[in-house]
Amino acid sequence: MEKEIKKKDLFVIGFALFAMFFGAGNLIFPPFLGLISSGKWIVGFVGFTLADAGLGLLSIVALSKYDGSLNILASRVNKIFAVIISTAIILCIGPFLATPRTAATTYEMAIMPIFGESINRYLFSILFFVLVTVLSIKPSKVVDIVGKILTPALLICILILIVNGIINPIGEVSKTTMIDNVLERGIKDGYQTMDGIAGCMFSLVVINAVKQMNYSSKKTEIKATVFSGIIATLCLAVVYGGLVYIGAQTSSLGIYDLKVDNTELFVDITNRLMGGVGVYILAIITALACLTTAIGLISATGNFFEELTGKENSYPVFAIIASLVSALISILGVSKIISISAPILETLYPCAMTIVIIGLFSEKIKDNIVFQIPAAISFIFGLLYVLYGKKMIQNLGEFLKNMPFSQFGLGWLVPTLIGLVVAALIGKIRNKN
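Here's a quick rundown of the structure. (Residues numbered from 1 in each chain as written. Predicted model: local features only at pLDDT ≥ 70, side-chain atom pairs only at ≥ 80, totals over all residues. Heavy atoms only, no water.)

Observations regarding helix H16 (residues 369–389)
Line of reasoning, step 1. Between its first and last C-alpha, H16 extends 30 Å over 21 residues, near the 30 Å set by a 1.5 Å rise per residue.
Line of reasoning, step 2. Of all the residues in H16, the buried ones are Ile369, Val370, Phe371, Pro374, Ala375, Ser378, Phe381, Gly382, Leu384 and Val386.
Line of reasoning, step 3. Positive phi shows up at lysine 391, right after H16, with a value of about 60°. (Helix = DSSP H or I, 4+ residues; strand = E, 2+ residues; numbered from the N terminus. Expected span 1.5 Å × (residues − 1). Buried < 20%, exposed > 50% of the residue type's maximum accessible area, 1.4 Å probe, protein only.)

Put into structure tokens, the structure is as follows:
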């Protein structure tokens, strides 16, 4: 008899996934989007949510069929390529970039506003990752710790801020926007959070949590994973909507322009809504958002390398190594690492998203060329746009700028779709023969 899916379990996993996605960047981008969108804040919110949470959900859904492993799905392109792209992504989005940044952000937004520099930055970073290691050392407990304890606290603090902003608005929402194309900006900002690629990493954590529920069929595991992803997406949508709205309330104050720092704006909003208590609310929200994201990233890194090496019970070792590397990098300076790892991530992102989206229909695709050609094209265009951004191939500038959807950061999309059609035709001919 098929074991029934418990709603309580789905919410625990869904809440944990929400918190893993919801880092400091997800906290400070929406209010700024609200400010510049003003009277069209709903349009900006929709664009941002679709490009951020929407792509994250697609990753979870697609990889649920492959035990949460991008490595397994990408092997339909090539097994060596799959290992390279998966490893590069997990290292860049994990210990080489996003994870170290969680400690730095917590220090700057949660510690310094209250204690100044009386707490040593380096000591704090070490203590932060000791705590992260303790909370993530047992993979079976990660989802419970984040979903049952940390996420409810995070959601309560954010909702206190949002509800206060609804009841006692900072100001009226201006009818005049600061930018011309609000939808374009919302999509671009949501896309650039790269939560789609984060979903590729977190899916392994989620599917492992679902497996521990001992469902009797793969179909039920996939169903539970997808429902958990939907819950996380809905939570993100609610929070994004609230943050964009209170950001839009500042548009009529006349004291902010397009040059205002995202963090500065959010700090000011918190102080205006909560007064003296605001600095503590902000500290709690930031600390919880960064802590839950760090736990998710460390857990994803540990799970990934345990699966990649095929060594059972090696998760704690890889989790500790990932925490040590993250702590060292956060001490040495994140900006240097960003300059190296961010372009790698931007190059791989189109390719990873292409594989994930095609993977939604994987059971209907018989010929691997349908994965191979679009993956190659998206990778090439991802690399070209990075090189263009670094001003290394200016002679292709006009060509790249004029590509459809390039204003959204999606200039690779149309060439990839063309490649997909060509690959499908080739696959169909080969199957007939």
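Here we look at the packing of aromatic side chains
Line of reasoning, step 1. Enumeration according to the criterion identifies 14 aromatic pairs in this entry.
Line of reasoning, step 2. Plain terms: the ring middles of phenylalanine 405 and phenylalanine 408 are 6.4 Å apart, the flat faces sit at 40° to each other, and that makes the pair tilted.
Line of reasoning, step 3. The exposure class of phenylalanine 405 is partly exposed, given its relative accessible area of 39%.
Line of reasoning, step 4. By the ring-pair criterion, three or more aromatic residues cluster together here, those being Phe18, Phe22, Phe48 and Tyr240. (Phe/Tyr/Trp six-rings, centres within 6.5 Å; stacked < 30°, edge-to-face > 60°.)

What about the pattern of salt bridges?
Where charged atoms from two side chains of opposite charge approach closely, those side chains can pair.
Line of reasoning, step 1. All told, the structure shown has 9 salt bridges when counted by the stated rule.
Line of reasoning, step 2. The closest approach of N and O atoms between lysine 65 and glutamate 363, which form a salt bridge, is 3.3 Å. Taken together, the positions of lysine 65 in the loop between helix H3 (41–64) and helix H4 (70–74) and glutamate 363 in the loop between helix H15 (334–359) and H16 put the pair 298 residues apart, joining distant regions of the chain.
Line of reasoning, step 3. Under the relative-accessibility criterion, lysine 65 is labelled partly exposed at 29%.
Line of reasoning, step 4. Under the relative-accessibility criterion, glutamate 363 is labelled partly exposed at 46%.
Line of reasoning, step 5. Here the salt bridges do not stand alone but share partners, grouping Asp67, Lys211 and Lys218 into one network. (Salt bridge = Lys/Arg side-chain N within 4 Å of Asp/Glu carboxyl O.)

Things to note about the environment of valine 210
Line of reasoning, step 1. With respect to the helices and strands, valine 210 occurs in helix H10 (residues 195–211).
Line of reasoning, step 2. Linking valine 210 and alanine 104, residues 106 residues apart in sequence, is a C-alpha distance of 32 Å.
Line of reasoning, step 3. Not counting the four nearest positions on each side in its chain, valine 210 is found in contact with Ile13, Tyr215, Glu221, Ala224 and Thr225. (Contact = heavy atoms within 4.5 Å.)

Here we look at unusual backbone geometry
Line of reasoning, step 1. Positive phi outside glycine occurs at aspartate 67, with the angle close to 55°.
Line of reasoning, step 2. Among the secondary structure elements, aspartate 67 is positioned in the loop between H3 and H4.
Line of reasoning, step 3. Positive phi outside glycine occurs at phenylalanine 405, with the angle close to 70°.
Line of reasoning, step 4. As for its placement among the helices and strands, phenylalanine 405 is situated in the loop between helix H17 (397–401) and helix H18 (413–432).

Quick word on a nonpolar patch on the surface
Line of reasoning, step 1. On the surface, Leu159, Val163, Ile166, Ile167 and Val238 cluster together into a nonpolar patch covering about 450 Å² of accessible area.
Line of reasoning, step 2. Take the nonpolar patch: its biggest share by element is 4 residues, from helix H8 (residues 139–167).
Line of reasoning, step 3. Here isoleucine 167 shows up in helix H8. (Patch = residues over 30% accessible without salt bridge, like charges linked within 9 Å, V, L, I, M, F, W, Y side chains within 5 Å. Areas by Shrake-Rupley, 256 points an atom, 1.4 Å probe, with all protein chains shown as cover.)

Concerning the side chain of threonine 293
Line of reasoning, step 1. Inspection of the secondary structure puts threonine 293 in helix H13 (residues 278–309).
Line of reasoning, step 2. Those residues in contact with threonine 293, other than ones at most four positions away along the chain, are Ala19, Met20, Phe22, Gly23 and Thr102.

A closer look at the packing of helix H5 (residues 79–93) against H13
Line of reasoning, step 1. Close contact between H5 and H13 brings their axes to 10 Å; oriented N to C, the two are set at 155°. Comparing their axes, H13 and H5 come out roughly antiparallel. For the crossing formed where H5 meets H13, the hand is left-handed. Along its contact with H5, which presents Val83, Ser86, Thr87, Ile90, Leu91 and Ile93, the element H13 presents Leu297, Ala300, Thr301, Phe304, Phe305 and Leu308.
Line of reasoning, step 2. Looking at the contact of H5 with H13 residue by residue, the class counts come to 9 nonpolar, 3 polar and no charged. (Axes fitted to C-alpha atoms, helices over the stretch in contact; angles between N-to-C directions. Parallel < 35°, antiparallel > 145°, perpendicular 65-115°, else oblique. Left-handed = near helix turned anticlockwise from the far one by under 90°. Nonpolar A, V, L, I, M, F, W, Y, C, P; charged D, E, K, R; others polar.)

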